Amino acid sequence: MKQEWPLWEVFIRGQHGLSHRHVGSLHASDAEHAIQNARDVYTRRKEGVSIWVVPAADITASSPDDKGSLYDPADDKVYRHPTFFDIPDDVGAM
Amino acid sequence: MSVAGLIRMGDNTLVLGQRLSEWCGHAPALEEDIALANMALDLIGQTQLWLGLAAEREGAGRTADTLAYHRDAWDFRNLLLVEQPNRDFGVTMMRQFLFDTWHLDALTALTEHDDAEIAAIAQKSVKEATYHRERSSDTVIALGDGTEESHTRMQAALDRLWPYVGEMFSTDTDDLIDMSGLRPAFYAYTDTVFAEATLTRPNTDFAHLGGKTGARHTEHLGHMLATMQVLPRNYPDATW
Amino acid sequence: MYAQMIKSEATQDDPEKLAAFQARIDAGDKIEPKDWMPAGYRKTLIRQIGQHAHSEIVGQLPEGNWITRAPTLERKAILLAKVQDEAGHGLYLYCAAETLGVSRDELTEMLLDGRMKYSSIFAYPTLTWADMGAVGWLVDGAAIMNQVPLQRTSYGPYARSMVRICKEESFHQRQGFDIMMKMANGTEAQKRMAQDALNRFWYPSLMMFGPSDAESVHSEQSMRWKIKMNGNDELRQKFVDQTVPQAEYLGLTIPDETLVWNEEKGGYDFAQPDWSEFFDVLKGNGPCSVERIEARQKAWDDGAWVREARLAHAAKKQAAKVAAE
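None of the values given here were measured: they were computed from a predicted structure. (Residues numbered from 1 in each chain as written. Chains lettered and ligands numbered in written order. Predicted model: local features only at pLDDT ≥ 70, side-chain atom pairs only at ≥ 80, totals over all residues. Heavy atoms only, no water.)

(A) Seen up close, unusual backbone geometry. Backbone geometry at Thr-198 of chain B places phi at a positive 55°, although glycine is not the residue there. Relative to the elements of secondary structure, Thr-198 of chain B occurs in the loop between α8 (183-196) and α9 (219-228). The class of Thr-198 of chain B is partly exposed, set by a relative accessible area of 41%. Positive phi values are uncommon outside glycine, yet Lys-226 of chain C reaches one of about 55°. Topologically, Lys-226 of chain C is positioned in the loop between α8 (219-224) and α9 (232-250). Residue class for Lys-226 of chain C comes out partly exposed when judged on its relative accessible area of 28%. (Helix = DSSP H or I, 4+ residues; strand = E, 2+ residues; numbered from the N terminus. Buried < 20%, exposed > 50% of the residue type's maximum accessible area, 1.4 Å probe, protein only.)

Next comes the structure, spelled out in structure tokens:
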């Protein structure tokens, strides 16, 4: 048998309540092993409190050719970005 | 309160941490390399706590480092199990599994110790030991069950290390707790893991003794210490 | 550096696509795995990231050589954590290379059979404890100079792994310098070790940046693709200028009698390393070249049954799960 441990994508939620974030990948033989490896590889500095692992092969990604249709429509919705709004300095931090 | 009991705890983690650190850069996969180093780091950290407290209680001006680097083999009080060489990954992980199972139960009992400093070290260590046992259990199961070759290797590792299990439950007044009381839980837990791993527990209770009393270590410890202690021994005036 | 003498591949793609690709890079876009990229870009990156990863993994060995002999419990823990980080960095980089369509096993095999290289610096031996200081101070110091700009490299997965690596590496050079300070201010024997370590690691450290750009025909294309961010000579000069005052602070002597401050260029003039030695090392004739690959080969061979068994167990578990459903 000449086969590699499958590749897993690792997502970690940190201590501050933000959503799980993709932190990297690793190889593991199954899901339990992947969780343990993720703990050892990606939380060496106490970076996370919750780990998700997903087989890389099971991820469906948008095609780069669709980039235009997916993202361009948002280009004219600049109001979604906070810097769109001019807030007078007197108002303070916002 | 027994300084000897603290030294036993610290020598176990020191010697096993040293053994595991020998793997760094040589493990079967990068993920396993990193995991072994994490275990070694946890154990070295625990060593600093146990031997630090032992030195403090002893009150003879020694430190965790002088205890680690300036005692000879006969003054070490670790279990014979942890000084056994790494041999292959199977022996290393079987040794780890047997130790972790005992260690977790011993530490859990120690969290209730009357001595607050002992209980505090145990509380910190128990979290680490819980994960160690989870990982080593899963590894023993996977490798015991995996292929014909891995099964053969894991059964051989178990047979080879089993005579060093009994010493974990031998006890005397130097121990921080009565270690003999931990035996039933050890058998219960390891039997469930062995069943999943399709491994057979050896049908003998024969036990090599002499590590935790220092009466008779194996030949391996002297070589390990010769390596580990070379710098402080060769350059006693130096600070590092 | 960790990736030396990377031959950049000529590419024969559609000129229109090439121009659009170059425009994206010039505009500061990140290239992502599924994006179109010139075949030469892909091949060059695989070679570069792969060599970088191999350097991390082989780089575990010279420092790993002293973990079991570290002189205090704290030094042992710090060194172990550092060498463990190198395994982690190798892992991140292999994963980045995998996004380009090569597997970690393939890369490993290419390292073991000599088709791929690792940085020349790791073919040198670590002979005393002061070498742990010198490696951290000089080797990590040189590596950081290359890795910090690589955080802005054009290939997204490579850039992201460099961000993580740089964040983790920040303590590596400091721990090395800390060891050097202790040694340089220690007993006579320790001072001797410190000077000896500097003597042995100075020129191999200068070699890390690779030969002069004037002789490197591949730099230009890689710079245009933003997978090489700075010239070799430029980084080497920066390294010397940064390191000389640090050596003075330690009371150690750089083993270069020609070393002199050049007011006009605002930097030091210094002697070049022996480049014939460098090419010998790259060919596998470094002092420890044979031992390094032997160690990696042994780990690979000895670990085969473990890697296979884990997969076999996972397959059995999966089959049992399916049967139960």
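Having seen the structure, we can now continue with the description.
(B) Here's a closer look at the interface of chain C and chain B. In this complex, chain C contributes 45 residues to the contact, which on the side of chain B involves 50 residues. With both chains or domains summed, chain C and chain B bury close to 4000 Å², and 68% of this area falls on carbon and sulfur atoms. When the area that chain C buries against chain B is broken down by residue, the three leading residues are Leu-73, Gln-84 and Trp-305 of chain C, summing to 21%. The interface formed by chain C and chain B holds three salt bridges in total. A salt bridge links Asp-145 of chain B to Lys-316 of chain C; its shortest N-O distance comes to 3.6 Å. Between chain C and chain B we count 16 residue pairs in polar contact (both at pLDDT 80 or more) in total. (Contact = heavy atoms within 4.5 Å. Buried area = accessible area lost by both parts, 1.4 Å probe. Salt bridge = Lys/Arg side-chain N within 4 Å of Asp/Glu carboxyl O. Polar contact = N/O pair within 3.5 Å; in protein donor to acceptor, adjacent residues only side chain to side chain.)

(C) Representation of the interface of chain B and chain A within the structure. In this complex, chain B contributes 10 residues to the contact, which on the side of chain A involves 10 residues. Both faces considered, chain B and chain A share a buried interface measuring about 990 Å² in area, 50% of it formed by carbon and sulfur atoms. Inspection of the region where chain B meets chain A yields one salt bridge. Notably, a salt bridge pairs Arg-135 of chain B with Asp-40 of chain A, separated by 2.8 Å at the nearest N-O pair.

(D) Region of the structure containing helix α11 (residues 289-324) of chain C. Its 36 residues give α11 of chain C an end-to-end C-alpha distance of 52 Å, which sits within 8% of 52 Å, the value for a rise of 1.5 Å per residue. In α11 of chain C, a bend of some 45° at Gly-303 of chain C exceeds every other bend along the element. (Expected span 1.5 Å × (residues − 1). Bend = angle between axes of the 7 residues up to and from the residue.)

(E) Up close: the nonpolar core. Trp-50, Met-94, Leu-98, Trp-102 and Phe-186 of chain B together with Trp-129 and Phe-239 of chain C are the most contacted members of the largest nonpolar core, which has 140 residues in total. Among residues more than four places away in sequence, those in contact with Trp-50 of chain B are Leu-6, Met-9, Gly-10, Thr-13, Leu-107, Leu-110, Ile-118, Ile-121, Ala-122, Ser-125 and Leu-176 of chain B. (Core = buried A, V, L, I, M, F, W, Y, C linked by side-chain atoms within 4.5 Å.)

(F) Broad picture of the packing of aromatic side chains. Scanning the entire structure with this criterion turns up 21 aromatic pairs over all chains. Centre to centre, the rings of Trp-162 of chain B and Phe-186 of chain B are 6.5 Å apart; their planes meet at 40°, and the pair counts as tilted. Of the two residues, Trp-162 of chain B sits in the loop between α7 (148-161) and α8 while Phe-186 of chain B sits in helix α8, which places them 24 residues apart along the sequence. Looking at Trp-162 of chain B, the relative accessible area reads 2%, which means it is buried. Ring-pair connections join several aromatic residues into one group, and the members of that group are Trp-162, Phe-169, Phe-186 and Tyr-187 of chain B. The cationic tip of Arg-69 of chain C hangs over the ring face of Trp-66 of chain C; the distance from NZ or CZ to the ring centre is 3.6 Å. Above the plane of the ring of Trp-300 of chain C lies Arg-307 of chain C, whose end atom (NZ or CZ) is 4.0 Å from the centre. (Phe/Tyr/Trp six-rings, centres within 6.5 Å; stacked < 30°, edge-to-face > 60°. Lys NZ or Arg CZ within 6 Å of the ring centre and 35° of its normal.)

(G) Here's a closer look at the pairing of strand β2 (residues 21-27) of chain A. Residue and element names in this part refer to chain A. Among the seven residues that make up β2, five are buried, leaving the element largely enclosed by the rest of the structure. Alignment of strand β1 (residues 7-13) against β2, held across six bridges, turns out to be antiparallel. In the sheet register, Leu-7 faces β2, and the bridge partner there is His-27. (Pairing = 2+ DSSP bridges.)

(H) Main features of the confidence of the model for chain A. The predicted model of chain A averages 79 in pLDDT, with 64% of residues at 70 or higher. By mean pLDDT, the top-scoring element of chain A is helix α1 (residues 31-42) of chain A (96), and the lowest-scoring one is helix α2 (residues 67-75) of chain A (57). (pLDDT = per-residue confidence, 0-100.)

(I) Focus on the side chain of Thr-139 of chain B. The topology assignment puts Thr-139 of chain B in helix α6 (residues 116-145). Contacts of Thr-139 of chain B, omitting those with residues within four sequence positions, involve Phe-89 and Met-93 of chain B together with Arg-310 of chain C.

(J) Just the packing of helix α2 (residues 30-58) of chain B against helix α3 (residues 73-98) of chain C, in detail. At a closest axis distance of 9 Å, the pairing of α2 of chain B and α3 of chain C adopts a crossing angle of 160°. The angle between α2 of chain B and α3 of chain C falls in the class roughly antiparallel. Remark: the crossing between α2 of chain B and α3 of chain C carries left-handed chirality. Contacts from Leu-30, Glu-31, Asp-33, Ile-34, Ala-37, Asn-38, Ala-40, Leu-41, Ile-44, Thr-47 and Gln-48 of chain B of α2 of chain B reach α3 of chain C at Leu-73, Glu-74, Lys-76, Ala-77, Leu-80, Ala-81, Gln-84, Ala-87, Gly-88, Gly-90, Leu-91 and Tyr-94 of chain C. (Axes fitted to C-alpha atoms, helices over the stretch in contact; angles between N-to-C directions. Parallel < 35°, antiparallel > 145°, perpendicular 65-115°, else oblique. Left-handed = near helix turned anticlockwise from the far one by under 90°.)

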